[in-house]
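Residue-level listing of the chains:
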Amino acid sequence: MSKTWRPATQLVHGGTLRSQYGETSEAIYLTQGFVYETSEAAEARFKGETEGYIYARYGSPTNDMFEKRMCMLEGAEDARATASGMAAVSAAILCQVKAGDHIVAARALFGSCRWVVETLAPKYGVECTLVDGRDLANWEKAIRPNTKVFFLESPTNPTLEVVDISGVAKLANQIGAKVVVDNVFATPLFQKPLELGAHIVVYSATKHIDGQGRCLGGVVLADKDWIDENLHDYFRHTGPAMSPFNAWTLLKGIETLPLRVKQQTGNAAKIADFLAEQSKVAKVIYPGRKDHPQADIIAKQMTGGSTLVAFELKGGKEAAFALQNALDIVKISNNLGDSKSLITHPATTTHKNLTEEARAELGISPGTVRLSAGIEDTDDLIEDFAKALAKVSA
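No experiment lies behind these values; they were computed from the predicted model shown.

**Q** Can you lay out the UniProt feature "modified residue: N6-(pyridoxal phosphate)lysine" (unreviewed entry) in the protein for me, pointing to particular residues and giving the numbers?
**A** Following the UniProt record, one finds the feature "modified residue: N6-(pyridoxal phosphate)lysine" (unreviewed entry) at Lys207. Inspection of the secondary structure puts Lys207 in helix α9 (residues 206-210). If sequence neighbours within four positions are ignored, Lys207 has contacts with Val184, Asn335, Leu336 and Gly337.

Okay, structure coming up:
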C-alpha cells in the first residue's frame, strides 16, 4: 500500500487483506479461534516466534484490516480496535498507570470520560486533577512529581472548547508524561494529534467512522513501542476486543468518511451562521466561525471546522425542549457523527450526572443544545430550524 495516498484513497483501499478467493469487499472472519497444522506450529505461535492469529480476543484478519486502515489515516504505527469508544478511552488511560500515579485531565470531557478519570481511577489509587484546559498555565500548575498522563478532548463535548495540543504535549514531554487525545469531534480528517505532539489518540468509531447508526466501536492509536509495552497485555487479558462483524461494518463506513464529513461540516457551518442571526438564540459556538473564542488555536491545529454545533437558547430548558420537540427532520438522540442530523440537551442527557456547578463551569446551561449535523439537504435543515424556532416562546 502506498504511503503517498491521500485520505480518500486510503479509506477505500488501505490495509486490505484478500483471501484466496479475491473478494472485492473485505471478508468477515467470524471465528473465535484458529487451527494450527502441528503442535509445534501452535507452540511457535504462542511463543511469538511465528506470525499469525491465535484467538479472536487478541486479533483477527477483519479487525487487522480496520486497524491498519485507521493507522494509515491517522499516521500512527499501530492500533487496537475495541468494542466501544469508552473501551478505547479506558484502555488508553488505565493500561499505563498504577497506584500512586497522577492524571491531569481537562475538565471539559464527555460524562463517561470524566467518570473514568475522576471516579474510577482514584478507586485504584490513581489521583486525578481536573483543569480548565483552555489555559496552558493550568496544565503546568497541576503537574506533580507523579504525573504520568494528560488527557483531553479537543474540540470538547458539548461546548466545542479547543485545547492547544502542541502546548500540552510540550509540557508533558518535559516530565515524561503521555498525552491522550480524544479526537472524535475533529475527526481524523481535520486534526492530527500525533503530528501535533500527542502520544496516543482515541476514537469512538461509533461516531463518524461508522456514522450510520449501525454499530459500536473504538480504536486506540499510538507508536508500536507504547502499544507493545502498555496496551498489548492489558488488551489481551481484559478483553475489550471489537467484534469482527463490527470491524467489517466500520470498514464499510470508513470508505465514505470524507464524503459524509464534508457534507456534515458544510451543513453545520451554514446552520451555525443561521442560528447566530436568530433573536431567540443567545450564542453559537462553532469552530469554523471567526467569533469562536479560540479561533487562533483552531487555525493552528485544525484544517476544518466540525460536524457539531453548540448553541444556547435564551429561554433555558423550556425553550430547548420546545425547539427539539418541534423539529421534524432533526431527531433527538445523544449520538453524534451520524448521517442523520441529531440533537440533544446535554444537561439532561450526556452530562446529567455532573453537578449543576460542574456544568456551569463547562458552560453547559439549561438552554445549551448540541447539534450533530447530518448529510441532508442544507436548505431543508435550515427550514426545519426556522419552523421549530417559531414555536419557541420569546
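So, next bit.
**Q** Tell me about the nonpolar core, and name the residues and values.
**A** Within the largest apolar cluster, 32 residues are counted, with the highest numbers of intra-cluster contacts made by Phe66, Met70, Tyr203, Ile209, Val219, Leu221 and Leu250. Breaking this core down by element, the ones donating at least two residues are α3 (61-74), β1 (78-82), β6 (200-204), β7 (218-222), α11 (244-255), α12 (257-276) and β9 (308-313). The dominant element in this core, judged by the number of residues it contributes, is α3, at five residues.

**Q** Talk me through the pattern of salt bridges; I want residue IDs and the actual numbers.
**A** With the rule as written, the count across this model stands at 17 salt bridges. Where Glu43 meets Lys47, a salt bridge forms, and the shortest distance between an N and an O atom there is 3.6 Å. Of this pair, Glu43 and Lys47 both sit in helix α2 (residues 39-47), four residues apart, which is roughly one turn of the helix. Of the residues examined, Lys47 reaches a relative accessible area of 54% and is grouped as exposed. The network of salt bridges with common partners includes Glu26, Arg69, Lys252 and Glu255.

What counts and how
Residues numbered from 1 in each chain as written. Predicted model: local features only at pLDDT ≥ 70, side-chain atom pairs only at ≥ 80, totals over all residues. Heavy atoms only, no water. UniProt positions renumbered as here; feature names shortened; annotations may be inferred. Helix = DSSP H or I, 4+ residues; strand = E, 2+ residues; numbered from the N terminus. Contact = heavy atoms within 4.5 Å. Core = buried A, V, L, I, M, F, W, Y, C linked by side-chain atoms within 4.5 Å. Buried < 20%, exposed > 50% of the residue type's maximum accessible area, 1.4 Å probe, protein only. Salt bridge = Lys/Arg side-chain N within 4 Å of Asp/Glu carboxyl O.

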